[in-house]
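So the chains spell out like this:
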Amino acid sequence: MRRTRPVPPSPVLLAVLAVTTAGSLLLTPHTATADRKPVTREGVEGAKSEDAPPAGAAVRALAAPVTGLVDTGRGYPREQVLSADPLNPADKSIKLGLTPYHAIAPKLNALQQLGDRVSVEVVGRSAGGHRLYLVTVTAPESVAEARAQERMRQQIENAPALAANSQAIKRSYKAPVFVNNNIHGNEWEGTDASLRIVERLATATDTRTRDLLAHSRLYFNITANPDGRIAGTRANANGFDLNRDFVTSSQPEGRAMRQIEIDKQPTVMLDLHGYVNGTLIEPTTPPHGENYEYDLFLKNTYANALGMEAAVNGLGYTPAKDGVEAAQIPFRDQEEGWDDWPPIFTPQYAAFHGTVAAHTVEIPLTVNNRAYDTLSVEELRRRSAINVAVAGAAIDATLDFVRGHRTSLVADQIEVFRRGASGAAQVPVSAATVPGVPGIGPEDVYTADFPRAYVIPAGASAQRSAPAAARLVDQLLANDVRVTRASHAFRLGGRTYAKGSYVVDMRQPKRGLANVLLADGRDISGKVSVMYDISGWSLGRLWGATVQPVGRGSLLGLPLRAVSAATRVGHVAPHGALRLRLDDPREVAALNSLLRDGVSVRRAADGSAIVPASARPKAVAAARTYDVAFDETKATGTADLRRTRVAAAVTPGELFALREMNFEVTPVSTAVLNAGFDWSGVEVLFVSQGVAYEGLNPAARTALDAFLGSRGLLVGRGAAGAALNSAAGLPAAKAVEGNGDANGVVRVVNSGRSLITGGAPEHGFVYAPVWFTDLGPGVRVDQSYGSGNPLVSGHWRSLSDGSGGPAAAAGRASVVSGPHAVLFGTEPLFRDHPKGEFAQVARALLTVPTTTTGMSSRENG
């Protein structure tokens, strides 16, 4: 156990984390709580109705691509006059004495007028439609100087061996620094601290400032989550925690931050959060991401943390006088509980783009949640003022660190890319390789076994997963991972691959990011007792495409060409009836668009959709829009498919995924049903949370029973869905709950005869896994957990009594169906992430009463 100064003992920390969603250290009466627990799921419990995501938010997010932010046709400053936003007296930041969103644009206009150092760009819009502002502070640059900076930036990434010896880079490259603010909307103060620092830097004439701006570009994302800032919510308008979305990139705010990382390529970044007392300054405890160049990352992140700690403590706040505890550095002061394993957090994701010092900084005094509603305005403003000062001290210390270490920071970024491009081995951390960092032990050593390449096969055998492969390739490219495509068949690693196969060469500058996205990951259940968030996320296993690692072999001479986008796979057969597979969310979205347009579609025996030849023009439009294939078929189908309207009591991620697949969804809850719900407008009730049978009044129970007993279908997910199924007297299935903290990628076995899971991927995602036993008559097992230990990657331990672990789940049913119900023990729509599993839910939703030909009136897989 490493400790160099007295801090609250780790067991106390873990106990707090385990029992509350507010897991900050409760050290003084002044200390309130942060939104913390070992594993964090988005949810709607306790959410106010006005905080619900708007129906059109999903569409806006999907339709808001972020383009590149590189502009070599302009120098600095890049000034513009921003139009004003409407005055909003309901903005939650006003009560705290902080800057409301509508005051930001006028403030930025004023800052640009202070001199020639401040530039403002709009880098996108939030899910709720608000502008996202990136402020750049640097010494003025001519167009030629800006172009030279961009050439050097590109050389650092693309030719790191040359960049390492470039005198021009050592002499004149401006080290990029990125300060990200307010990614959690109800953690406000980073925005105000950044605005104050920008204002000071705009006019300061001291030697320190002049030197800093001559040798650095400072980028401030003023508010990463304006929706949440206005509403006082952690999430954006779609209900998403943006600091969990960097692998999936479902939200426009996350895509904007991703593009900043790619195009600005920061050497150092801060992500300002709240609230933990004393101020928490990363680097974190184990486990550490195995794909980082962690020796370089730890060296710089720890050194900068020491400077921030000194600056924060130097403000002079005390527990007795102000309720402010001394700052803490988890790597040094705690044993576990603040991991940097998943790449879903902003600083951890930044490391894969060459950032060699990256921090979450948790400022101390809580002003959100219960505190916001119960404390006096005077107390809230006192706390906010302290928090702004603490955030400002952290930023100032970081700028001092960059000014003093510019050359070595740039050199270390170059080394990250050089190792990737050359295939060099990682350097395990130790006292010898990272001198000056106390307490490094074997518990800190995590390294990856990088394959020589990954292949995403094409050809007849990969036809089923072609839309998934195209989506995966586009996701890799959007993350700045290089992908090539074969113009002819080729052999690699002892196998032959068809023309059109994609190859990801793992000797590339961002190999760590390529591997973190495509690799299986690791079972780390034995490494630590608790994890801060999810522990498995593999796009290679969860996104529906076939991905094959190749351990060794030469790529020289192979017929590979770099691609900038996946080849489109959509087509429509020129003759006959058409068959649309329903294995992919894009295919489901295409189906629902056809049904919405009134096309008569029938289900085939394997669960696919049969579209009549007469609808070919509409199929062509759908193929173009959703990039899916309509093949010729002689099948006539077995039952009509109709547009399915869904009442859903689900997480924001599940709601977003359902709308992504073009389902017509009406959010419901126990309160909505008790108020009187018109069941005639829906065919399916999908429940994963928010509806409890025992909480329904008699009239609501009667209406629900009538719906489920006649024409309706229940699709239940997890313990809540299974409980409703049991309480409503639907098909017998005993739900067994596993460890509630367990999560990760698991092996599953699908029933080949199931309309729900037939042909589905052999891996799924779990969070608080559930399995089913004691199945009643007519209940079918559609999917089971794999034998032995089904966990491929993630964190899944048994409970203290030995129950609830992966061995207990092995071979047990994970998805079951019967008359009027389908139950999932996995989490196939989690945070809009496991794309390869979406179709299972879609097929379940489509098993509603249908008009049939020679069949019973209901088809259950």
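Cut-off values and rules
- Residues numbered from 1 in each chain as written.
- Predicted model: local features only at pLDDT ≥ 70, side-chain atom pairs only at ≥ 80, totals over all residues.
- Heavy atoms only, no water.
- Helix = DSSP H or I, 4+ residues; strand = E, 2+ residues; numbered from the N terminus.
- Rg over C-alpha atoms; globule rule 2.2 N^0.38 Å.
- Buried < 20%, exposed > 50% of the residue type's maximum accessible area, 1.4 Å probe, protein only.
- Contact = heavy atoms within 4.5 Å.
- Pairing = 2+ DSSP bridges.
- Axes fitted to C-alpha atoms, helices over the stretch in contact; angles between N-to-C directions.
- Parallel < 35°, antiparallel > 145°, perpendicular 65-115°, else oblique.
- Left-handed = near helix turned anticlockwise from the far one by under 90°.
- pLDDT = per-residue confidence, 0-100.
- Phe/Tyr/Trp six-rings, centres within 6.5 Å; stacked < 30°, edge-to-face > 60°.
- Lys NZ or Arg CZ within 6 Å of the ring centre and 35° of its normal.
- Salt bridge = Lys/Arg side-chain N within 4 Å of Asp/Glu carboxyl O.
- Expected span 1.5 Å × (residues − 1).
- 1 Å grid on protein atoms, 1.4 Å probe; cavity = no way out; pocket = protein on both sides within 12 Å on 5 of 7 lines; lining within 4 Å.
- Points joined across faces, edges and corners; volume = space filled by probe spheres on them.
- Nonpolar A, V, L, I, M, F, W, Y, C, P; charged D, E, K, R; others polar.
- Core = buried A, V, L, I, M, F, W, Y, C linked by side-chain atoms within 4.5 Å.
- Polar contact = N/O pair within 3.5 Å; in protein donor to acceptor, adjacent residues only side chain to side chain.

**Brief notes about the overall build of the protein chain**
Scanning the protein chain from terminus to terminus reveals 27 helices and 34 strands. The C-alpha atoms of the protein chain give 27 Å as radius of gyration, which agrees with the globular expectation for 861 residues (29 Å, within 12%). Projected onto its principal axes, the C-alpha positions of the protein chain cover 85 × 65 × 55 Å. Burial analysis of the protein chain (861 residues in total) assigns 61% to the buried set. Across the protein chain, every contact between residues at least 6 apart in sequence was considered, and the portion connecting residues at least 24 apart equals 79%.

**Some remarks on the sheet that holds strand E22 (residues 639-641)**
Spatially, six strands are ordered E17-E21-E18-E20-E19-E22 in an open sheet, and the strand pairing comes out mixed. A single partner strand is all that each edge strand has here, and the edge strands are strand E17 (571-572) and E22. Of the pairings in the sheet, the one linking E17 to strand E21 (residues 629-633) comprises two bridges and is parallel in character. When the sheet's bridge partners are listed, His-571 is paired in E21 with Ala-629. The sheet strands contacting helix H20 (residues 585-596) are strand E18 (577-580), strand E19 (601-603), strand E20 (609-611), E21 and E22, and the helix crosses E18 at an angle near 135 degrees.

**Considering the packing of helix H7 (residues 189-203) against helix H16 (residues 377-422)**
Two elements in contact, H7 and H16, have axes separated by 8 Å at closest approach and are oriented at 55 degrees. Between H7 and H16, the angle falls in the class oblique. With respect to the hand of their crossing, H7 and H16 are arranged in right-handed fashion. Facing Glu-189, Gly-190, Asp-192, Ala-193, Ser-194, Arg-196, Ile-197, Arg-200 and Leu-201 of H7, the residues of H16 in contact are Ser-384, Asn-387, Val-388, Ala-391, Gly-392, Ile-395, Asp-396 and Leu-399.

**A few points about the confidence of the model for the protein chain**
Within the protein chain, residue pLDDT values average 91, and 91% of them lie at 70 or more. Under a pLDDT of 50 for its full length, residues 57-64 has, in the predicted model, 19 contacts with residues more than four places off or in other chains. Within the model, the stretch residues 850-861 combines pLDDT values under 50 with 37 contacts to residues more than four positions away or in other chains.

**Considerations on the side chain of Lys-510**
Mapped onto the elements of the fold, Lys-510 is located in the loop between strand E14 (502-505) and helix H18 (511-518). With near-sequence residues (within four places) excluded, Lys-510 lies in contact with Glu-157, Ile-262, Phe-352, His-353, Phe-417 and Asp-480.

**Brief notes about the packing of aromatic side chains**
With the rule as written, the count across this model stands at 19 aromatic pairs. Among the aromatic residues, those joined into a ring-pair cluster are Tyr-292, Tyr-294, Phe-297 and Phe-352. When the ring centre of Tyr-76 is taken as reference, the NZ or CZ atom of Arg-78 above it lies at 4.2 Å. Residue placement shows Lys-835 over the ring face of Trp-543; its charged tip is 6.0 Å from the ring centre.

**Digging into the sheet that holds strand E3 (residues 175-181)**
To summarise the sheet geometry, strands pair through backbone hydrogen bonds and adopt either a parallel or an antiparallel arrangement. Here we have seven strands laid out as an open sheet, ordered E1-E2-E4-E3-E5-E9-E6, and mixed in their pairing. The sheet terminates laterally at strand E1 (118-125) and strand E6 (280-281), the two strands that pair on one side only. Sheet topology note: the E6/strand E9 (residues 357-363) ladder contains two bridges and is antiparallel. Paired with Ile-281 across the two strands is Val-361, which belongs to E9.

**As for the pattern of salt bridges**
Evaluated as defined, the whole model comprises 47 salt bridges. Here Arg-200 and Asp-396 are joined by a salt bridge, their closest N and O atoms 2.7 Å apart. Highlighted residues: Arg-200 in helix H7 and Asp-396 in helix H16, separated in sequence by 196 residues. Sharing partners across several salt bridges, the network here consists of Glu-187, Arg-234, Asp-241, Arg-244, Asp-533 and Arg-831.

**Details of H7**
Taking 1.5 Å as the rise per residue, H7 with 15 residues should run 21 Å; its terminal C-alpha atoms sit 23 Å apart, in good agreement. The element H7 is largely enclosed, with a buried count of eleven among its 15 residues. Buried residues of H7: Glu-189, Gly-190, Thr-191, Asp-192, Ala-193, Ser-194, Leu-195, Ile-197, Val-198, Leu-201 and Ala-202, and no others.

**Remarks on empty space enclosed by the protein**
The gaps left among the atoms become clear once a water-sized probe is rolled over them. One pass over the structure, following the stated rule, counts eleven cavities of 30 Å³ or more. Taken as a whole, the largest cavity holds about 130 Å³ of empty space. Along its surface, the largest cavity is lined by 15 residues, and Asn-291, Tyr-292, Glu-293, Ala-351 and Val-416 are the ones closest to its centre. Sorting the residues of the lining of the largest cavity by element identifies helix H11 (294-313), H16 and H18 as the ones contributing at least two each. In the lining of the largest cavity, the residues fall into eight nonpolar, four polar and three charged.

**A few points about the nonpolar core**
Membership of the largest hydrophobic core comes to 146 residues, with the highest contact counts inside it found for Leu-108 and Phe-220. Per element, the largest residue contribution to this core is 17 residues, and it comes from H16. When neighbours within four sequence positions are excluded, Leu-108 is seen to be in contact with Leu-82, Val-120, Tyr-133, Val-135, Leu-195 and Ile-222. Formed by 47 residues, the second largest nonpolar core is a distinct cluster that contains Leu-594, Ala-609, Ala-619 and Ala-657.

**Some words on the side chain of Glu-293**
Along the chain, the position of Glu-293 falls in the loop between strand E7 (285-288) and H11. Judged by relative accessible area, Glu-293 falls into the buried class, the value being 9%. If near-sequence neighbours (up to four positions away) are discounted, Glu-293 is found in contact with Val-416, Arg-419, Gln-426 and Arg-511.

**Description of the environment of Ala-163**
Inspection of the secondary structure puts Ala-163 in helix H5 (residues 160-163). Overall, the relative accessible area of 1% leaves Ala-163 in the buried class. Spatially, the C-alpha atom of Ala-163 lies 44 Å from that of Ile-230, the residues being 67 residues apart in sequence.

**Brief notes about the environment of Ser-688**
Residue placement: Ser-688 occurs in the loop between strand E25 (684-687) and helix H24 (698-709). Considering only alpha carbons, one finds Ser-688 and Ser-608, 80 residues apart in sequence, at a separation of 26 Å. Those residues in contact with Ser-688 that sit more than four places away from it in its chain are Ala-649, Val-650, Thr-651, Glu-654, Arg-717 and Ala-720. Engagement of the side chain of Ser-688 in a polar contact is seen with the side chain of Arg-717, the distance being 3.3 Å.

**Here we look at unusual backbone geometry**
Cis geometry marks the peptide bond from Tyr-76 to Pro-77, where omega comes out at 10 degrees. Its location among the elements puts Pro-77 in the loop between helix H2 (57-62) and helix H3 (104-112). Here the residue pair Asn-277 and Gly-278 is connected by a cis peptide bond, since its omega of 0 degrees sits within 30 degrees of zero. Mapped onto the secondary structure, Gly-278 falls in the loop between strand E5 (268-274) and E6. A positive phi angle, near 55 degrees, is found at Asn-369, a position not held by glycine.

**Some details on the pairing of strand E23 (residues 645-649)**
Of all five residues making up E23, four are buried, and the element is well covered by its neighbours. Taken together, the four bridges between E23 and strand E24 (residues 664-667) define a ladder with parallel strand orientation. Counted as the bridge partner of Ala-648 is Pro-667 from E24. Relative to E25, E23 runs parallel, the two being bridged by four bridges. The residue of E25 that forms the bridge with Val-646 is Val-684.

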